[in-house]
Amino acid sequence: MSYSVREVAAMLGLTPSQVRAFAAKGVVDPERGSGGELRFGFRDLIILRTAGELVAAHIPQRKVERALERLRDQLPAGQSLTGVRISADGERVVVRDGGAMWNPESGQSLFDFSVAEMMAPVGDIGDFGGNEQERDADAWYDLACDLETASPDEARAAYQRAIELDPNHSDAHVNLGRMLHEEGAPLAAQQHYRRALESDPSHPTAAFNLGVALEDLGRMNEARNAYLRAIELDPENADAHYNLAGLYERRGDKAAALRHLKEYRRLKS
């Protein structure tokens, strides 16, 4: 399944000339149709979406083209641009791949000295003020949120403590599930997302995150249902529409994929 230049431009909010320029620079590698026209697959759409977001963040298009072009050469053979996180940080492009962070234009490694460097070293979670026995589930949840950046291990323990005190604490389930998911454990994560939805059936984040975890587990029909539920709970969830478009594209349902991509574009405009 593939899309024309004008279809891609309409879906992603780019101009046709921008789409062609990104293709000419090798940022994406579209195929050629029977008449020689450019045809873009879903992987191309993901990369072009990122390029469009960088341009929207006021990074000059030539700089975006150069950064993405160089990034292709910096990644290990066989790794796609879709496998890393690319974002704008002021006037520069920043790439994150696991724990690594660098500027693709210069190739220079970067370091995140944000919250972690400004907080004191973390000891036992019981050392953070107040009597451990006096904390309720909400207090443990708040503590976990504060600890996530500086000390993920203590944050997970605090979320777990909140859940032990209140098994129906949906936000603690969602955040603990997200942390597990980011650490490469989607099976464990989806159990927490499900538990959150059992406690609070109207929790849109739990529904969306469940869809992502199920998609990572290869359970595409269940993932589709979770995304649809997320949209039902939050009609403004653009990312749910985008992910649904990907699922429908892989199923060969171009009409449904295009419908959700257009809705994604409408919500992002």
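Residues numbered from 1 in each chain as written. Predicted model: local features only at pLDDT ≥ 70, side-chain atom pairs only at ≥ 80, totals over all residues. Heavy atoms only, no water.

Asker: Could you give me a rundown of the overall build of the chain, with the residues and numbers involved?
Answerer: Across its full length, the chain holds 13 helices and six strands. Going through the 269 residues of the chain one by one, you find that 44% of them count as buried. Summed over its atoms, the accessible surface of the chain is roughly 14,000 Å², and 46% of this surface lies on carbon and sulfur atoms. (Helix = DSSP H or I, 4+ residues; strand = E, 2+ residues; numbered from the N terminus. Buried < 20%, exposed > 50% of the residue type's maximum accessible area, 1.4 Å probe, protein only. Areas by Shrake-Rupley, 256 points an atom, 1.4 Å probe, with all protein chains shown as cover.)

Asker: Outline the pattern of salt bridges, listing residues and values.
Answerer: A complete count under the given rule lists 13 salt bridges for this structure. For the salt bridge of R161 with E164, the shortest nitrogen-to-oxygen distance reads 3.3 Å. Placement of both R161 and E164 in helix α7 (residues 152-165) is noted, with a separation of three residues, approximately one turn of the helix. (Salt bridge = Lys/Arg side-chain N within 4 Å of Asp/Glu carboxyl O.)

Asker: Lay out the packing of aromatic side chains with the relevant residues and their values.
Answerer: One pass over the structure, following the stated rule, counts four aromatic pairs. Their ring planes at 55° and their centres at 4.9 Å tell us that Y242 and Y264 sit as a pair that is tilted. Taken together, the residues span a long stretch of sequence, with Y242 in helix α12 (residues 238-251) and Y264 in helix α13 (residues 254-268) at a distance of 22 residues. Look at Y264 and you get buried, because its relative accessible area is 5%. By the ring-pair criterion, three or more aromatic residues cluster together here, those being F42, Y242 and Y264. Between the NZ or CZ atom of R49 and the centre of the ring of Y242, over which it lies, the distance is 3.9 Å. (Phe/Tyr/Trp six-rings, centres within 6.5 Å; stacked < 30°, edge-to-face > 60°. Lys NZ or Arg CZ within 6 Å of the ring centre and 35° of its normal.)

Asker: Which residues make up the environment of S87, and what values do they have?
Answerer: Relative to the helices and strands, S87 is located in strand β3 (residues 85-89). According to the relative accessible area criterion, S87 is partly exposed, its value standing at 26%. Separated by 37 residues in sequence, S87 and T50 place their C-alpha atoms 7.7 Å apart. Among residues more than four places away in sequence, those in contact with S87 are L54, R92, V93, V94 and R96. (Contact = heavy atoms within 4.5 Å.)

Asker: Any details on the packing of helix α8 (residues 170-182) against helix α9 (residues 186-199)? Residues and values, ideally.
Answerer: Close contact between α8 and α9 brings their axes to 8 Å; oriented N to C, the two are set at 165°. If you check the angle between α8 and α9, you find them roughly antiparallel. Considering only the axes of α8 and α9, their crossing is left-handed. Counted together, S170, H173, V174, L176, G177, R178, L180 and H181 of α8 and P186, A188, A189, H192, Y193, R195, A196 and S199 of α9 form the full contact between these two elements. (Axes fitted to C-alpha atoms, helices over the stretch in contact; angles between N-to-C directions. Parallel < 35°, antiparallel > 145°, perpendicular 65-115°, else oblique. Left-handed = near helix turned anticlockwise from the far one by under 90°.)

Asker: Summarise α13; cite the residues concerned and give the values.
Answerer: A rise of 1.5 Å per residue sets the reference length of α13, with its 15 residues, at 21 Å; its end C-alpha atoms lie 21 Å apart and thus fit the reference within 8%. Within α13, burial applies to A256, A257, L258, H260, L261, Y264 and L267. The inward-facing, buried residues of α13 contact α1 (5-12), α3 (42-56), α11 (220-233) and α12. (Expected span 1.5 Å × (residues − 1).)

Asker: Give me the nonpolar core: which residues, what numbers.
Answerer: Core analysis: the biggest nonpolar cluster contains 74 residues, and V8, M11, V19, F40, L45 and L48 have the highest contact counts within it. Ranked by the residues each element gives to this core, the list is headed by α12, at seven residues. (Core = buried A, V, L, I, M, F, W, Y, C linked by side-chain atoms within 4.5 Å.)

Asker: With reference to specific residues and values, describe a negative patch on the surface.
Answerer: A cluster of acidic residues, D136, D138, D142, D146 and D171, forms a negative patch on the protein surface. Summarising the element assignment, D142 is placed in helix α6 (residues 137-147). According to the relative accessible area criterion, D142 is partly exposed, its value standing at 45%. (Patch = residues over 30% accessible without salt bridge, like charges linked within 9 Å, V, L, I, M, F, W, Y side chains within 5 Å. Lys, Arg positive; Asp, Glu negative; His and termini not counted. Charge placed at Lys NZ, Arg CZ, Asp CG, Glu CD.)

Asker: Just give me the short version of α3, but keep the residues and values in it.
Answerer: Its 15 residues place the ends of α3 21 Å apart at the C-alpha level, agreeing with the 21 Å of an ideal helix rising 1.5 Å per residue. Regarding α3, the residues found buried are F42, D44, L45, I47, L48, R49, T50, A51, G52 and L54. Among the residues trailing α3, H58 stands out with phi positive, at a value near 70°.

So yeah, pure geometry; function would need other evidence.
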